[in-house]
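Read off the chains here:
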Amino acid sequence: MSARKVSYEAQRRRFVRMAMAPSLLFLLVVAGLPTVFLLVTSLTPGALVNPGSLGDFSEPLRNYRLLGSDERFVGSLGVQARLSVYTVVLQVLLGTGLGLLVHSGQERWKSLRHLFVIPMVLPPIVVAVIWKLIYTPDISPIYQAARMLGVTLPALTTHVDFALWSIVIADTWEWAPFTFLMVLAALQTLPAEYVEAARMDGADAWRVFGHIVLPYIAPVLLVCTLFRLIDSIKAFPLIFLLTGGGPGSVTEVTNYYAYLVAFNFGELGYSSAITVVLLAATVLISWGAMRVSRNAGGAE
Amino acid sequence: MSSNRMTSLRRRWPLARWAVPLVLFAMLLPFLWLLQMSFKPTPLILEFPPRVFFVPTLEHYVGLWQAGFPESFVNSLVTSIVSTLLALVFGIPAAYALSRWTGRGRFGLGLGILLTRMAPPIAFTIPFFLAYRYLGLLDTRTGLILIYMTFNLPLVIWMMQPFFDAVPASLEEAALMDGAGYATVFMEIVMPMAAAGIAATAILCFLYAWNDFFFALILTRTDARTAPVAVVNFMNYEGWEWGKIAAGGSLVMAPVLVFSMLVRRYLVSGLTAGAVKG
């Protein structure tokens, strides 16, 4: 019997290796190779107008040296940091609040929970179109409502003080449902005895929340934060359609700047260097996210 | 758990009763606004105050048809479906393999696969753009399918693994004892048990490719242009064709709404694998 088991094990191992090989090979070619390629390109002055420049390694660290003195790049890091912090904080807070409200509310709201999720699954470009509609004064229902009340709203997406917030609001509309969904799922697994026991001991609603519910959903909130953080580094369709990075460079996040440098200015080498920095940040956060979500267990 | 807590909260703060429907309304209104606009006669679109009741028209959808939108729509369909099928063919065996992996390096392998999904799309775009220019794959469906596979393959591996984890090894051994080969065991025992997972994964892959805007924007121009890029093209220098934009947007989101309802149970695991959003 045990000898047989071993031979099943050997068969299985052979099958596993065969099943794994094509995917690994494919990923190496389409993901591994481009990453190496990106690193190599980042060491050249590589410009689209000058084909030879992609093979010029005479001054390999030039791009990286330039990064520090490029005000637009440094500025984009600041914009990125602001956008990430604002959106992540808002989305986690709103999503959690909504999750708690729906979880403890009437059954009929619970059965409608999938409607809340619509913004998140819509194609990002459709979300951007929807918000373009909301932010365009002569057609927007918001501006029309304000006009009826006799209020003149500033043009949000082209105003220095509001442009970034107009992106933050749209992004929050799109992604607060993610935290909502995760928190609701976590709350449904919260054992009722915990809450009952606490209440028996005389804890009021806020203490139950602070000492039982919040610690229970904390790992899920951490996972939400990390995943939203990673995604916020990729912000593109909203910025592309709503502000184009402007006014000036008020909404120009690093990812968007890298896109402009590569595909509007044709500076592929320099853009690669910017992208390598972004990639490094993503790797760090992803590694952390995976560690956390593995330790958090049920958080998927 | 908290029906008591909520009752007291409601008594103290009556707004709590209305908070949920209000938020739901706020979440749905922008999307419904776009939908109604796609049926609104052109002269009424800019009318103020906005008219809520009007005779719906299909003029914008007809306009889309005449403007060549169907070709972009077909491009979207073809690239999404083919990249999904290919990702499943490659990814399902790999997911099974990862699930039964007993050797070292499992964490590292999983992380590597996940990273492919987490990386900012621009990191792939520059190398792909250069390679495609050289290989003549710019503005082709093949080119788009390849890059969508790069992102869908990790999603398949990541999402299918738990479904395979749930298939008990003793079942496989029983079949092997009856003399079946391992490939047969996989096809006839393991795969049917993971069928629900395969369906959910397929839909999420489709949605990811369908929702993409970034790659299509950079890697296509006219021949392989997808529907999301075509919608944006109605915003041009001569002005904004809001009717067509709304109609195009509505068509692009239609399959998404249907499919996402089918896989709502799996949305969270799909999204935490970095899915749907480009």
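Residues numbered from 1 in each chain as written. Chains lettered and ligands numbered in written order. Predicted model: local features only at pLDDT ≥ 70, side-chain atom pairs only at ≥ 80, totals over all residues. Heavy atoms only, no water.

Describing unusual backbone geometry
Part 1 of the argument: Here the bond from A:Gly246 into A:Pro247 is cis, since omega is -5°, no more than 30 degrees from zero.
Part 2 of the argument: Secondary-structure assignment places A:Pro247 in the loop between helix H11 (237–242) and helix H12 (254–263). (Helix = DSSP H or I, 4+ residues; strand = E, 2+ residues; numbered from the N terminus.)

Things to note about the interface of chain B and chain A
Part 1 of the argument: Counting residues at the interface gives 100 residues for chain B and 97 residues for chain A.
Part 2 of the argument: Of the roughly 9400 Å² buried between chain B and chain A, counting both surfaces, carbon and sulfur atoms make up 80%.
Part 3 of the argument: Applying the counting rule to chain B against chain A returns 0 salt bridges.
Part 4 of the argument: The interface formed by chain B and chain A contains 4 residue pairs in polar contact (both at pLDDT 80 or more).
Part 5 of the argument: The element best represented in the side of chain B that touches chain A is helix H2 (residues 15–37) of chain B, accounting for 13 residues. (Contact = heavy atoms within 4.5 Å. Buried area = accessible area lost by both parts, 1.4 Å probe. Salt bridge = Lys/Arg side-chain N within 4 Å of Asp/Glu carboxyl O. Polar contact = N/O pair within 3.5 Å; in protein donor to acceptor, adjacent residues only side chain to side chain.)

Digging into H12(A)
Part 1 of the argument: Counted residue by residue, H12(A) has 9 buried out of 10 residues, so it is predominantly covered.
Part 2 of the argument: Those residues of H12(A) lying buried are A:Thr254, A:Asn255, A:Tyr256, A:Tyr257, A:Ala258, A:Tyr259, A:Leu260, A:Val261 and A:Ala262. (Buried < 20%, exposed > 50% of the residue type's maximum accessible area, 1.4 Å probe, protein only.)

Observations regarding the pattern of salt bridges
Part 1 of the argument: A full pass over the atoms with the stated rule returns 7 salt bridges over all chains.
Part 2 of the argument: A salt bridge links A:Arg72 to A:Glu252, with the nearest nitrogen and oxygen atoms 2.8 Å apart. In this pair, A:Arg72 sits in helix H3 (residues 71–104) while A:Glu252 sits in the loop between H11 and H12, placing the two residues 180 residues apart along the sequence.
Part 3 of the argument: Judged by relative accessible area, A:Arg72 falls into the partly exposed class, the value being 34%.
Part 4 of the argument: In this structure, B:Glu241 and B:Lys244 form a salt bridge, with 2.6 Å as the shortest nitrogen-oxygen distance.
Part 5 of the argument: B:Glu241 sits in the partly exposed class, given a relative accessible area of 29%.

Focus: the confidence of the model for chain B
Caution is warranted with low-pLDDT regions, since their predicted coordinates should not be read in detail.
Residues and elements named next belong to chain B.
Part 1 of the argument: For chain B, the mean per-residue pLDDT works out to 85, and 90% of the residues sit at or above 70.
Part 2 of the argument: The secondary-structure element of chain B with the lowest mean pLDDT is helix H1 (residues 3–12), recorded at 52, while helix H12 (residues 214–219) shows the highest, at 96.
Part 3 of the argument: Taken together, the chains of this predicted complex give a pTM of 0.89 and an interface ipTM of 0.89. (pLDDT = per-residue confidence, 0-100.)

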